[in-house]
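Take a look at the letters that make up each chain.
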Amino acid sequence: MDKEALKIELIQKIIACNDFALLKQVEELLQGVNAHEPGEDYKVESLQNLLSKEQLEELDRRLEAHKNGTSKALPWEEARGEIEKKYGF
């Protein structure tokens, strides 16, 4: 397998991966890798800078609650009715 084929295979595996802990390990492994292509002027920015630690923890908590069935959700019709009632639509 050549270098370019390996890159594509790795990208496909990363895209298909849903294991957050494994993705974080990959991120840490690649932390020092220069993401610049020859002649290009861009950087791959970390998603870490977009959300705070507390926001990421809240998203993880909500996802876990959704997965284990303990989250509280309203059907769209009911949520829409509450919004319309609250804001007078």
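What you see is a predicted model; the values in this text were computed from it and never measured.

### Things to note about the overall build of the protein
Here's step 1: Scanning the protein for helices and strands turns up four helices and zero strands.
Here's step 2: Moving toward the C terminus, one meets the helices and strands of the protein in the order α-α-α-α.
Here's step 3: Looking at the 89 residues of the protein, the share that counts as buried comes to 3%.
Here's step 4: Accessible surface, the protein as shown: approximately 8700 Å² in total, 57% of it carbon and sulfur.

### Quick notes on helix H4 (residues 76–87)
Here's step 1: Between the first and last C-alpha of H4 there are 16 Å, a value that for twelve residues agrees with the 16 Å anticipated at 1.5 Å per step.
Here's step 2: In the stretch just after H4, Gly 88 is the one whose phi turns positive, near 70°.

### Details of the pattern of salt bridges
Pairs may arise between side chains of opposite charge once their charged atoms sit close together.
Here's step 1: By the definition in use, this model includes seven salt bridges.
Here's step 2: The residue Arg 80 makes a salt bridge to Glu 84 at a minimum N-O spacing of 3.1 Å. Here the residue Arg 80 and the residue Glu 84 both occupy positions in helix H4, the gap between them amounting to four residues, near one helical turn.
Here's step 3: Shared partners join several salt bridges into a network, and the residues in it are Glu 58, Arg 61 and Arg 62.

### Let's talk about the confidence of the model for the protein
Here's step 1: Mean pLDDT over the protein stands at 84; residues scoring 70 or higher make up 83%.
Here's step 2: Mean pLDDT values for the elements of the protein range from 90 in helix H3 (residues 53–67) up to 92 in H4.

### A short note on a nonpolar patch on the surface
Here's step 1: A surface patch of nonpolar side chains, about 360 Å² in accessible area, is lined by Leu 50, Leu 51, Leu 56 and Leu 59.
Here's step 2: Along the chain, Leu 50 turns up in the loop between helix H2 (20–29) and H3.
Here's step 3: Using a relative accessible area of 62% as the deciding quantity, one classes Leu 50 as exposed.

Cut-offs used in this document
Residues numbered from 1 in each chain as written. Predicted model: local features only at pLDDT ≥ 70, side-chain atom pairs only at ≥ 80, totals over all residues. Heavy atoms only, no water. Helix = DSSP H or I, 4+ residues; strand = E, 2+ residues; numbered from the N terminus. Buried < 20%, exposed > 50% of the residue type's maximum accessible area, 1.4 Å probe, protein only. Areas by Shrake-Rupley, 256 points an atom, 1.4 Å probe, with all protein chains shown as cover. Expected span 1.5 Å × (residues − 1). Salt bridge = Lys/Arg side-chain N within 4 Å of Asp/Glu carboxyl O. pLDDT = per-residue confidence, 0-100. Patch = residues over 30% accessible without salt bridge, like charges linked within 9 Å, V, L, I, M, F, W, Y side chains within 5 Å.

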